[in-house]
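Coordinate analysis (summary)
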Amino acid sequence: MIISKKVLRNVTLTAHPLGCRQYVQNQIDWVREHARKTNDALYRPVTSDALPKRVLILGGSTGYGLSTRIVTAFAGGADTINVSFEREPSETKTATPGWYNTMAFEKKAKEAGLAAESVFGDAFSDETKARTATLIRKTLQKVDLVVYSLASPLRTDPATGVTYRSVLKPIGEAFTALSVDMDSPVVKQATIEAAEGSQAEETVKVMGGEDWALWIEHLLKEDLLAPNAMTVAYSYIGPKVTYPVYREGTIGMAKEHLEKSAKAITKNLEKINGKAFVSVNKALVTRASAVIPVVPLYMALLYQVMKEKGLHEGCTEQIYRLFTDRLYADKRVPTDDEGRIRLDDWEMREDVQAEIDERWTLQHEGEPLQKGDLEGVRQEYDQIHGFGFPSVDYTLDIDPRVI
Ligand code: NAI
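So, here's what we can say about the structure.

Conventions we followed
Residues numbered from 1 in each chain as written. Predicted model: local features only at pLDDT ≥ 70, side-chain atom pairs only at ≥ 80, totals over all residues. Heavy atoms only, no water. Helix = DSSP H or I, 4+ residues; strand = E, 2+ residues; numbered from the N terminus. Expected span 1.5 Å × (residues − 1). Buried < 20%, exposed > 50% of the residue type's maximum accessible area, 1.4 Å probe, protein only. Arc of directions from axis to C-beta. Contact = heavy atoms within 4.5 Å. Right-handed = clockwise from strand over helix to strand, strands pointing away. Pairing = 2+ DSSP bridges. Near = heavy atom within 4 Å. Polar contact = N/O pair within 3.5 Å; in protein donor to acceptor, adjacent residues only side chain to side chain. Areas by Shrake-Rupley, 256 points an atom, 1.4 Å probe, with all protein chains shown as cover. Nonpolar A, V, L, I, M, F, W, Y, C, P; charged D, E, K, R; others polar.

1. Brief notes about helix α4 (residues 126-139)
Relative to the 20 Å expected for 14 residues at 1.5 Å per residue, α4 spans 20 Å between its end C-alpha atoms, a close match to the ideal helical length. Among the residues of α4, those classed as buried are Thr-128, Lys-129, Thr-132, Ala-133, Leu-135 and Ile-136. All buried residues of α4 fall inside an arc of 170° around its axis, so they share one side. Among the exposed residues of α4, those pointing more than 90 degrees away from its buried face are Glu-127, Thr-134 and Lys-138. Buried residues belonging to α4 abut β3 (54-58), β4 (79-84), β5 (116-120), β6 (143-148) and α6 (210-221). Among the residues trailing α4, Gln-141 stands out with phi positive, at a value near 70°.

In structure tokens form, the structure reads like this:
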């Protein structure tokens, strides 16, 4: 079949296998080049001995999790296991991008002599935890690092069987702000209604730290964590303009819970001299973030300003800095006063945010977006589904099961 982009309510439903392969390859190339290059002022080269050798990534098929897998494998020479939720392809239907990415990554990693395996299933369930434990014991014996990079709309609590749904809503009152859609540069007003009933608590159940703690508890119980093992989960704070919908909204409550969980998990890891961290990352186009109202407008301005200042990063660059400048740079991991790693340091730089604030005042309802890089945001969104790569012939009739 000829695979084209199909979009429903801002969500892309199809993925292109050859484009996803290119997306993964581009990241591998970047990581390999930077790991050995000595003359890039922004990114340090790295000797692979400094990085962990056995890594478990929960949500390692797209976005930040996939980049984590690529950096640990291709800069650090790590054997990796990914746990993610995917739809496989059929003769007439494409797979999820995460499935294609995973196939492409694992082929390349194995060619490089690295172990690379996946468990496809619901990471929140006891069954997936048990399957993962068996696979770790078989292929890695133990793990040195567990990365928690899940972004999910729902979670079934394995203890009670109750299913919770996460929502991205302000708390208390509705929030109205300027926004753009991915497919139109015209600025419009978007209103997000306030969370109702138990929606905030449910979002904490899904996107907070409860499941992260359960994973670590399970791995400890099964004796699958190596001495000094670390674990890291990803969070976001962002600028004041997105506070009502993000940091002070339902998802922000969940992220606060996640950040607090790091302290409890560290306590639990004392027996193996391990440690848990939260890394606050930059706003980036991923399948999870692109559908948040207000965020595409903010990202369009952020991308443009950071590109002009030579500071723009994608998931790969962010995660490369996490490993080479933060988690494994020194004996003491640099954090803020709350104990969080800050990879959003360039996004939150005063000059960057001041420029975004200034450009925000140029935006008016019904008029085209001014001085922003919506095209760059859109291009990245296409690419995470395997579309928009000049090297791929999208008119080709291919089998969606090709890998
Ligand atoms: P993403 O949507 O690209 O990746 C989510 C991953 O979770 C995928 O591998 C998916 O298969 C997996 N997943 C979802 N539900 C699952 C389930 N039930 N069982 C197993 N796997 C499941 O998301 P993204 O943006 O990379 O987010 C990862 C983390 O990074 C999230 O915690 C997010 O809040 C955080 N973050 C994201 C930022 C952004 O701008 N995208 C900024 C800072 C932090």
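2. Points about the pairing of β4
Burial within β4 is extensive, with five of its six residues counted as buried. Chirality of the crossover, the property in question, places the unit of β3, helix α2 (residues 63-74) and β4 among those that are right-handed. Of the pairings in the sheet, the one linking β4 to β5 comprises five bridges and is parallel in character. Looking at the pairing, Asn-82 lines up with Ser-118 of β5. The parallel pair β4 and β5, bridged by helix α3 (residues 97-111), forms a crossover whose chirality is right-handed.

3. Digging into the side chain of Thr-12
With respect to the element layout, Thr-12 can be found in strand β2 (residues 11-12). The exposure class of Thr-12 is buried, given its relative accessible area of 2%.

4. Describing the site of the ligand
The local shell around the ligand holds 29 residues, among which Ser-61, Ala-123, Lys-255, Leu-284 and Thr-286 are the closest. At a separation of 2.8 Å, an oxygen atom of the ligand approaches a polar side-chain atom of Lys-255. When the free accessible area of the ligand is taken as 840 Å², the share hidden by the protein chains comes to 92%. For the shell around the ligand, the secondary-structure elements that each account for two or more residues are α2 and β11 (225-235). Its residues placed into classes, the shell around the ligand shows twelve nonpolar, 13 polar and four charged.

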